[in-house]
Amino acid sequence: MTTQVKPQYKGKRYRLDKPELLAPAGNLEKLKFAVHYGADAVYIGGQKYGLRSNADNFSFEEMREGVEFAKKYGAKVFVATNIYAHNEDIEGLEDYLRNLYEVGISAIIAADPFIIETAQRVAPGLEVHVSTQQSIANWQTVQFWKEEGAPRVVLARETSLEEIAEMKQHVDIEIEAFIHGAMCSSYSGRCVLSNHFTDRDSNRGGCCQSCRWKYDLFEDNRPDGDELISAQEASQFPVLEQFRLGVNQLALFDEEDNAFAMSSKDLCMIEHLPDLIDVGVDSFKIEGRMKSIHYVATVVNVYRQVIDSYMADPDNYVLKQEWLDEIYKAANRPVNTGFFYEEPDHEDHIYEPEDKPAPYDFAGLVMDYDAETGMATIQQRNHFKAGAEIEFFGPNGTFFKQKVDRLWDVEGNELDAARHPLQLVRIKVEQPVTYFDMMRKKNAKA
Amino acid sequence: MLQAGANAVFVGEQRYGMRLPGEMTLEHIEESMNAVRDHQAKLYVAVNNILHNERLDGLSAYLQRLEQIGVDAIVFGDPAVLMTARTAAPNLNLHWNAEMTSTNYITAKYWKKRGSSRFVVARELNMEQVVEMKQKLPDMEVQIQVHGMTNIYHSKRHLLQHYFRHIDKEEQVNEVGMERKLFLIERERQDEKFPLYEDSNGTHIMSSDDVCIIEDFKHLLDARIDSFKVEGLLKPTVYNETVVQVYREAIDTYVADPDNYRFQEEWIERIRAVQDPERELSFGFFYKEQMY
C-alpha cells in the first residue's frame, strides 16, 4: 500500500507514546466488548447532557462498574456531555459533573462553553475535550481552546490531513479525529432539520436523521413580486402532477433519477491509518454509540491490530487483506475517506434507496471452553441452527471458520437450533476459543 | 434599508462572512460609511464564517482595515476571529453569533468575558427562553431575529453540484447560486418548500416558513431586547423594505408611548401583501414545544 502523506505533513503526538484508540460504548455490555477487543478508551453517554437521547445511556452505578472494568485493562472512560444547553438545562449540571468525576470518569466531551467552563470550575480533575460539535477547523481556534485549558480538541470532520498537520505545527495539544463510522453531512451542530421537521431538538440529542430522508429538487422561476404569469405562458412549462407546484416551478430531475440526497457515505480510514499516525493525531475515534456489539468488537479489533502493527515496525508495515475483509463484515453503508484527502464529490453520497443490514450478525458469545473435549459453551445472541456456517473471532486477530455440526443444551439434550436469546448451548469447535470470543454468522437478509 | 428605517445594517464578504445577500468589499464598506452615518445608523460586518486554516490568511489585515474604517462591530462565531482581533484590531466591537448554538445565558456570559458586547440568540429558542436571556444579561446586548427565513442546515459539501453530476447534468453544476431560486421538497411533506443554494462555503438550506413576530412583538419590546433583526436573504428588495418599515413603525410607536402600544392589524396586512403565498408567516420556534 502507498501512504499518501507528504513528508512535510509529519507531526508529533502531544502526550501519548502511541495513538489512542477510542471506541463508542452505548451500554455497559458494549463497553466491556470495546475494552476487551482493544480500545484504549471508550466514550459513553450518561442520563443527561448527551446527544444520543435514544441510546440506553449509563446510570452513575453503571459508569462506576464500567470504569472498574476498563481499569483492569488500563483503559479510560469518557462521557459525552456534548449538547448545546438551553437555560432550563443549566440547573443540575454542577452535581452531574461532580458525580462523573467521583465515579472515575477521565474526561468529558463538551461543545457548549457553559459546560466546558462549569466542568473546569466544579470538577477540575475531569479533563475537558472540546467536541466536534464546535466545528473546529483552523489552528487559531485550536489555540484558543488550548488557552482556555482544554488538553484535547476533537476536530470538525471537514478538516483535511494537511490542515491537521498545520494545526500540529502551531499548537501543542491533543488532537482527536474520527476515523470510522457515520458522519453528519452538515458541519456538526449546524443542522436543525430535525427541529423543523419533527420538533425534535437536534443539538440536545433529538436528531431524527432527516439528512437521510429523500428530497426532490426544483427551481422556482416565478418572477419577483408575485406577478403571476398568464395561464398560457404557464402551460409552456412542464409540471409534474404528483407535486403541488405553483406555475413556473420546475422539477430538475427526470422520473428515473434518484432523489436529491444529503446522506453521506460512512467514514473508513483503515487503508490510511499510517498517514494519520504520521501526522500526529493523538486519538482515533470510532463513531457509533447506537451500533451493535458485533460492530464495536469487529471494528475495534481491526484498528487495534493496524495501530499495533504499524507502531511496532512502520517501515515494514503492510495492510492485510484480512483486516479489510473483517471490517466490511460490520459495515451497513458504503465507505469513503471523508475530507482527509480531497473534498467529497458526488460519489461520496448515498443516492441509492436503502441502507443494507451489515453482512454478518453476532450469533453467539463464547462463555467457556473445554480444551480436552474441544467443546465450547455459547450464549445465543441470534438464531442459529445445526449446519450453519459460522466464524469465531477474538482480540488480536484470533479467527477461524467452521460449520455448526451438532448442538446441545447444557443438560446434554441435542437441539436442532439455538432459538432463545441468551440460552446456553454447547458445540464442538475446531480450534481453541476463550471467554469473550465471538461467533458470527452470515446475515440472511444482507 | 436605511431609507426604510433600519438603524443598523449587516454586510460582508463570503471569504469571512456567511449567508450574505451580496458581496461588500472593504472598499464598498468604506464608501458606504458616510451614508450610514447620515442616517445615524450602524454598520456591522459579518466575519461569521466557520474558518479553515486557509481563511486565516489575510484575516488579520482584514480586521485591521475594518477597525480603521470605523465599522461599529464585527459579528463572529469562530474563536479564531477573537484570537486575531485581540492582537490585530483590539478596539473592534465584537458581537457573538454562532446561530443555532447560541442557546443559553451562561454561554453568553462566557463570550462577554472574552470581549463580546452582544449575544445573538439562536432562532430555535422559545419566547420564554428569549425573554429570560435578557433578564439574565442586563449588561450585555441581546439580539434576536424577528422576521424572515432562517438557515437550517449548513454543509461544507457542494451537494447541489454533486446531485447534478449524479443525474448526469454536468452542464448545470455552476448554476447553483442564490439567484437560481432552487428549493427542496421532502417526500412526506409536499406543502413545504425549502430554498437552498451553494456558495464557496458549501450548501445552505433555509426554512420553508418566514418567522414573523409582529403580532406579539410587544413581548420582546417589553423584555428590553436590544436589537431586532430582519433577515433579508433571498427576498426581493420591495419585500425587505416593507418589512423593515413595519417593524420600524412598531418600535417607534412603542418607544413613544409603551403603555398605550398595541399591535395594529394593518402592520401584518402590509407584510401579507408582499409575502410569497407559498411561504407561511409563522412564529418560528417562539411558541413551539421541542422534544429531545
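Residues numbered from 1 in each chain as written. Chains lettered and ligands numbered in written order. Predicted model: local features only at pLDDT ≥ 70, side-chain atom pairs only at ≥ 80, totals over all residues. Heavy atoms only, no water.

Chain A has the name U32 family peptidase in an unreviewed UniProt entry, where Paenibacillus profundus is given as its organism.

Some thoughts on the overall build of chain B
Helix and strand content of chain B: 10 helices and 13 strands. A compact globule built from 292 residues would reach a C-alpha radius of gyration of about 19 Å, and chain B, at 19 Å, matches this within 12%. Its C-alpha atoms give chain B principal-axis dimensions of roughly 60 × 50 × 40 Å. Counting all 292 residues of chain B, 63% fall into the buried class. Of the roughly 11,600 Å² of accessible surface on chain B, a fraction of 46% belongs to carbon and sulfur atoms. Measuring between centres, the 34 positive side-chain charges of chain B sit 5 Å from its 47 negative side-chain charges. (Helix = DSSP H or I, 4+ residues; strand = E, 2+ residues; numbered from the N terminus. Rg over C-alpha atoms; globule rule 2.2 N^0.38 Å. Buried < 20%, exposed > 50% of the residue type's maximum accessible area, 1.4 Å probe, protein only. Areas by Shrake-Rupley, 256 points an atom, 1.4 Å probe, with all protein chains shown as cover. Lys, Arg positive; Asp, Glu negative; His and termini not counted. Charge placed at Lys NZ, Arg CZ, Asp CG, Glu CD.)

Structural notes on the sheet that holds strand E8 (residues 182-186) of chain B
In spatial order, the strands read E9(A)-E8(A)-E8(B)-E9(B)-E10(B)-E7(B); together these six strands make up an open sheet with antiparallel pairing. Both edges of this open sheet fall to strand E9 (249-251) of chain A together with strand E7 (151-155) of chain B, since each of them pairs with a single strand only. Taking the axes of each pair of neighbouring strands and ignoring which way they run, one obtains an average angle of 30° across the sheet. As defined by bridge partners, E7(B) adjoins strand E10 (residues 202-206) of chain B across four bridges and the pair is classed as antiparallel. Bridge assignment links B:His154 to a residue of E10(B), and that residue is B:His204. Helix-sheet contacts for helix H7 (residues 159-166) of chain B involve strand E8 (215-220) of chain A together with E7, E8, strand E9 (194-199) and E10 of chain B, and the interaxial angle to E9(B) is about 95°. (Pairing = 2+ DSSP bridges. Axes fitted to C-alpha atoms, helices over the stretch in contact; angles between N-to-C directions. Contact = heavy atoms within 4.5 Å.)

What about the environment of A:Trp408?
Residue and element names in this part refer to chain A. Mapping tryptophan 408 onto the fold places it in strand E18 (residues 407-409). In sequence terms tryptophan 408 and arginine 426 are 18 residues apart; their C-alpha atoms lie 5.1 Å from each other. The residues contacting tryptophan 408, other than those within four sequence positions of it, are Met375, Asn413, Glu414, Leu415, Leu424, Val425 and Arg426.

Here's the deal with the UniProt feature "domain: Peptidase family U32 C-terminal" (unreviewed entry) in chain A
According to UniProt, the feature "domain: Peptidase family U32 C-terminal" (unreviewed entry) maps to residues 360-440 of chain A in the numbering used here. For residues 360-440 of chain A, the end-to-end C-alpha separation is 6 Å, with 0% helix and 57% strand making up the annotated structure. (UniProt positions renumbered as here; feature names shortened; annotations may be inferred.)

Things to note about the environment of A:Gln143
By the secondary structure assignment, A:Gln143 is in helix H5 (residues 139-147). Remark: the alpha-carbon pair of A:Gln143 and A:Val153, spanning 10 residues in sequence, is separated by 9.8 Å. Beyond its immediate chain neighbours, meaning those up to four positions away, A:Gln143 contacts A:His170, A:Val171 and B:Met83.

Some thoughts on helix H11 (residues 321-328) of chain A
Since one α-helical turn is 3.6 residues long, residues separated by three or four positions face the same way. Residue and element names in this part refer to chain A. Turning to H11, its buried residues number three or more, namely Trp323, Leu324, Glu326 and Ile327. Seen along its axis, H11 keeps its buried residues to an arc of 160°; they face one direction. Considering only its buried residues, H11 is in contact with strand E7 (174-181), strand E10 (266-268), helix H10 (293-312), strand E16 (389-394), strand E17 (398-403) and strand E22 (438-442). (Arc of directions from axis to C-beta.)

Structural notes on the nonpolar core
One recurring pattern in soluble globular proteins: nonpolar side chains tend to sit buried together. B:Leu63, B:Leu66, B:Ile214, B:Phe217 and B:Leu220 are the most contacted members of the largest nonpolar core, which has 176 residues in total. No other element matches the 11 residues that H10(A) contributes to this core. Setting aside chain neighbours within four positions, we find B:Leu220 in contact with B:Met127, B:Val130, B:Ile144, B:Val146, B:Ile213, B:Ile225, B:Phe228 and B:Phe286. (Core = buried A, V, L, I, M, F, W, Y, C linked by side-chain atoms within 4.5 Å.)

Some thoughts on the domain arrangement of chain B
Quoted interface sizes are often the accessible area lost when the parts come together. Residues and elements named next belong to chain B. Looking at the assigned domains, one finds that chain B contains domain 1 (8-146 + 213-235) and domain 2 (154-206). Centre-to-centre, using C-alpha coordinates, domain 1 lies 27 Å away from domain 2. Listed per partner, the contact involves 12 residues of domain 1 and 10 residues of domain 2. For the pair domain 1 and domain 2, the two sides together bury roughly 930 Å², of which 59% comes from carbon and sulfur. When the buried area of domain 1 at its contact with domain 2 is split by residue, Gln14, Arg19 and Leu234 rank highest and sum to 55% of it. If you look at where domain 1 meets domain 2, you find zero salt bridges. In terms of residue class, the side of domain 1 that touches domain 2 is built from six nonpolar, four polar and two charged. (Domains from an automatic or database assignment. Buried area = accessible area lost by both parts, 1.4 Å probe. Salt bridge = Lys/Arg side-chain N within 4 Å of Asp/Glu carboxyl O. Nonpolar A, V, L, I, M, F, W, Y, C, P; charged D, E, K, R; others polar.)

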